[in-house]
Amino acid sequence: MSQSTESARDIQRTKDRKKVKNLRYLVLGWLLVAGLLNYLDRSAVSIGAPQMIKELGLTKTDIGLLGTVFSWTYAFFQLPAGYLIDKFGPKKMYFIAVALWSVASSLMALGQSMVHFVAFRVLLGIGESPNSPNSSKITTQWFPRGERGQASGIWDSGSKWGSAAAPPLLTLLMLGFGWRGMFIVVGILGLIVAIAFYMFYKAPEEAKNLSDEEYRYILAGRDETDAPVADIPWLTFFKYRQTWGMMLGFFTSIWIWNIFITFLPLFLQDTLGVSIGKTGWVAAIPYLAAAIAGIYGGRITLMLVRRRGKSAMGSKRLVLIVAAILTGVLLVIVPFVHSLTWAIAVLCLALGLIAIIQSQSWALTSDIVPDTHAARFGSIMNFGGYFGGALAPVITGIVVDRTGSYTPSFILAGVIAALGALFFGLMVSKPIDVKKPALA
């Protein structure tokens with residue numbers, strides 16, 4: 001980082017400010033909360049499913065279709081979301097996104113038919129699409145490259161904390177206020193967070209409470225060159241092997257995640273005999289394990305960088321490959337474990353590994369492309385993951401309706417998970433160099 005560039009950036013910042021130690025971790029806390037609420041809204045359908053099926057005559061295929069509709073909408077809107085974040089900045093886009101998905105969640109309370117629910121899930125998918133690319137972009141702004149694996153693990157764990165909190169919290173809300181009241185409450189919570197984020201969030205260059213020491217530490221860990229990076233059209237990324245490797249690798253984790261987000265409560269009730277009242281607490285356990293594992297997955301990559309001398313990119317790839325293989329083995333085992341205790345133990349390990357795969361996939365994006373294009377590239381990865389993974393809920397629903405068993409779906413998920421090791425290992429071996437021919 002040149003001295004002139006540092007001086008220019010320092011002028012933009014307010015000199016008379018109260019210093020806060022490690023302010024970047026307070027920013028990370030905002031991202032964690034946003035991710036938690038994101039998954040409260042996303043998980044609400046799976047919690048409300050038993051009452052919605054009973055009251056409105058929906059089928060498991062209908063519930064799966066709602067999951068697929070959301071995922072496809074979420075996938076397609078990744079592409080414009082990443083572009084808009086890079087163009088207008090994460091602050092404005094975060095506010096718009098959180099407000100929109102909160103309204104969409106509340107509207108579910110007004111639904112009377114599948115037509116209504118499909119429309120509201122489309123709106124939810126649009127609103128939630130900028131969430132992860134936004135978090136990835138803010139991570140590149142606030143964290144030096146060596147810490148991004150750990151930071152990504154923390155903010156991505158919000159989706160797991162949200163999924164863990166959703167079953168007990170939303171079950172209590174549903175039992176107390178009905179499934180319609182449940183949707184209204186989570187929508188109101190989201191609107192509060194959206195307004196608070198817009199009022200208080202600042203980029204490092206504008207943050208009055210950021211100390212000079214931490215500011216220079218952040219700058220030192222950004223892209224090493226001061227030369228302007230040429231704008232790379234998002235379609236150009238599709239010409240590179242690394243892009244397809246990240247899309248396919250991320251798809252394997254989203255396929256599995258979508259099955260659990262949509263069907264875990266019903267699986268526990270139908271297969272392991274858990275009551276509706278207890279489902280919330282039992283279903284929360286694997287997600288708690290996932291939240292903790294996602295954070296420690298980032299610490300593993302940080303340890304490999306600091307203690308073993310491995311590159312940041314190499315460390316993340318190694319973690320991704322090992323986690324994908326182990327996940328595949330565990331998922332094949334799940335349907336053959338009939339003890340609730342042991343089933344939950346296996347589910348904890350499987351979802352924990354999925355959390356590691358997801359968090360380190362996001363962290364890896366900033367090693368593949370320049371920081372200025374992190375949101376755009378991350379949104380393309382997310383698009384690929386959710387475009388293919390969107391089929392998981394509806395296919396699972398159809399299989400369960402026709403066979404009465406979840407076994408085929410878990411075996412297929414295990415095979416798909418193991419393929420992730422091949423995608424990450426063979427297709428994502430080095431950063432994208434736009435000066436060289438694509439697919440080289």
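Quick summary incoming for the structure in this document. The structure presented is a predicted model; accordingly, all values stated were derived computationally and were not measured.

The next point concerns the overall build of the protein. Scanning the protein for helices and strands turns up 17 helices and zero strands. Counting across all 440 residues of the protein, residues that qualify as buried make up 58%. Considering only residue pairs separated by 6 or more positions, the protein has 86% of its internal contacts joining residues 24 or more positions apart. Summed over all atoms, the accessible surface of the protein reaches about 17,600 Å², with 67% contributed by carbon and sulfur.

What follows covers the pattern of salt bridges. Inspection of every chain in the model, using the stated rule, returns six salt bridges. Taking the shortest distance from any N to any O, the salt bridge between Glu 214 and Arg 24 comes out at 3.0 Å. Taken together, the residues span a long stretch of sequence, with Glu 214 in helix 9 (residues 212-220) and Arg 24 in helix 2 (residues 23-56) at a distance of 190 residues. Residues Glu 214 and Arg 24 agree in their burial class; the two are buried. Between Glu 128 and Arg 42 there is a salt bridge; the shortest N-O distance is 2.9 Å. Of this pair, Glu 128 sits in helix 6 (residues 114-128) while Arg 42 sits in helix 2, and the two are 86 residues apart along the sequence. Arg 42 shares its class with Glu 128; the two are buried. Within this structure, Arg 24, Glu 147 and Glu 214 form a network of salt bridges that share partners.

Looking now at the packing of helix 2 against helix 8 (residues 148-200). The contact between helix 2 and helix 8 brings their axes to 2 Å, and the two run at 25 degrees. Between helix 2 and helix 8, the angle falls in the class roughly parallel. Grouping the amino acids of the contact of helix 2 with helix 8 by side-chain chemistry returns 33 nonpolar, 13 polar and three charged.

Let us now look at the side chain of Thr 327. Considering the arrangement of structural elements, one finds Thr 327 in helix 13 (residues 312-333). A relative accessible area of 0% places Thr 327 in the buried class. Setting aside residues no more than four positions away along its own chain, Thr 327 makes contact with Ile 256, Ala 350, Leu 353, Ile 354, Ile 357 and Ala 417.

Together, Val 332, Phe 336, Ile 411, Val 415, Leu 419, Leu 422 and Leu 426 make up a nonpolar patch on the protein surface, roughly 620 Å² of accessible area in all. For the nonpolar patch, the element with the highest residue contribution is helix 17 (residues 407-427), accounting for five residues. Inspection of the secondary structure puts Phe 336 in the loop between helix 13 and helix 14 (340-368).

So, on to the packing of helix 11 (residues 241-272) against helix 17. Close contact between helix 11 and helix 17 brings their axes to 8 Å; oriented N to C, the two are set at 155 degrees. By the angle between their axes, helix 11 is roughly antiparallel relative to helix 17. Crossing angle aside, the handedness with which helix 11 passes helix 17 is left-handed. Class assignment of the residues belonging to the contact of helix 11 with helix 17 gives a composition of 19 nonpolar, six polar and one charged.

The next point concerns the packing of aromatic side chains. Evaluation of the coordinates by the stated rule reveals 23 aromatic pairs. Ring centres of Trp 30 and Phe 197 lie 5.9 Å apart, and the angle between their planes is 80 degrees; on these two criteria the pair is classed as edge-to-face. Of this pair, Trp 30 sits in helix 2 while Phe 197 sits in helix 8; the two residues are 167 residues apart in sequence, bridging distant segments of the chain. Take Trp 30: its relative accessible area is 27%, and that puts it in the partly exposed class. Residue classification places Phe 197 among the buried residues on the basis of a relative accessible area of 5%. One aromatic cluster in this structure is built from Phe 260, Phe 263, Phe 267, Tyr 406 and Phe 410.

It is worth spelling out the environment of Leu 23 at this point. Position of Leu 23 relative to the elements: it lies in helix 2. Put simply, Leu 23 and Leu 210 are 187 residues apart on the chain and 6.2 Å apart in space, counted from C-alpha to C-alpha.

So, about the environment of Met 246. Among the structural elements, Met 246 can be located in helix 11. Separated by 119 residues in the primary sequence, Met 246 and Thr 365 have C-alpha atoms spaced 8.3 Å apart. With near-sequence residues (within four places) excluded, Met 246 lies in contact with Ser 361, Leu 364, Thr 365, Ile 368, Phe 377, Met 381, Phe 424 and Val 428.

In this section: the environment of Ala 49. Checked against the element boundaries, Ala 49 lands in helix 2. For the pair Ala 49 and Ile 63, spaced 14 residues apart in sequence, the C-alpha to C-alpha distance is 6.9 Å.

With that settled, consider the nonpolar core. Judged by nonpolar contacts, the single largest core of 101 residues is most densely connected at Trp 142, Phe 260, Phe 267, Leu 268 and Ile 368. At 17 residues, helix 11 tops the list of elements feeding residues into this core. Mapping this core onto the domain boundaries places at least three of its residues in each of domain 1 (22-201) and domain 2 (236-430). What Phe 267 contacts, discounting residues up to four positions off in sequence, is Leu 272, Val 334, Leu 347, Tyr 406 and Phe 410. Counting 24 residues, the second largest nonpolar core, distinct from the first, contains Val 45, Ile 63, Leu 173 and Met 182.

Before going further, it helps to examine helix 7 (residues 131-142). When the terminal C-alpha atoms of helix 7 are compared, their 17 Å separation across twelve residues agrees well with the 16 Å that a helix rising 1.5 Å per residue should span. The buried count for helix 7 comes to twelve of twelve residues, which makes it a mostly enclosed element. Those residues of helix 7 not exposed but buried are Asn 131, Ser 132, Pro 133, Asn 134, Ser 135, Ser 136, Lys 137, Ile 138, Thr 139, Thr 140, Gln 141 and Trp 142.

Rules of the game
Residues numbered from 1 in each chain as written. Predicted model: local features only at pLDDT ≥ 70, side-chain atom pairs only at ≥ 80, totals over all residues. Heavy atoms only, no water. Helix = DSSP H or I, 4+ residues; strand = E, 2+ residues; numbered from the N terminus. Buried < 20%, exposed > 50% of the residue type's maximum accessible area, 1.4 Å probe, protein only. Contact = heavy atoms within 4.5 Å. Areas by Shrake-Rupley, 256 points an atom, 1.4 Å probe, with all protein chains shown as cover. Salt bridge = Lys/Arg side-chain N within 4 Å of Asp/Glu carboxyl O. Axes fitted to C-alpha atoms, helices over the stretch in contact; angles between N-to-C directions. Parallel < 35°, antiparallel > 145°, perpendicular 65-115°, else oblique. Nonpolar A, V, L, I, M, F, W, Y, C, P; charged D, E, K, R; others polar. Patch = residues over 30% accessible without salt bridge, like charges linked within 9 Å, V, L, I, M, F, W, Y side chains within 5 Å. Left-handed = near helix turned anticlockwise from the far one by under 90°. Phe/Tyr/Trp six-rings, centres within 6.5 Å; stacked < 30°, edge-to-face > 60°. Core = buried A, V, L, I, M, F, W, Y, C linked by side-chain atoms within 4.5 Å. Domains from an automatic or database assignment. Expected span 1.5 Å × (residues − 1).

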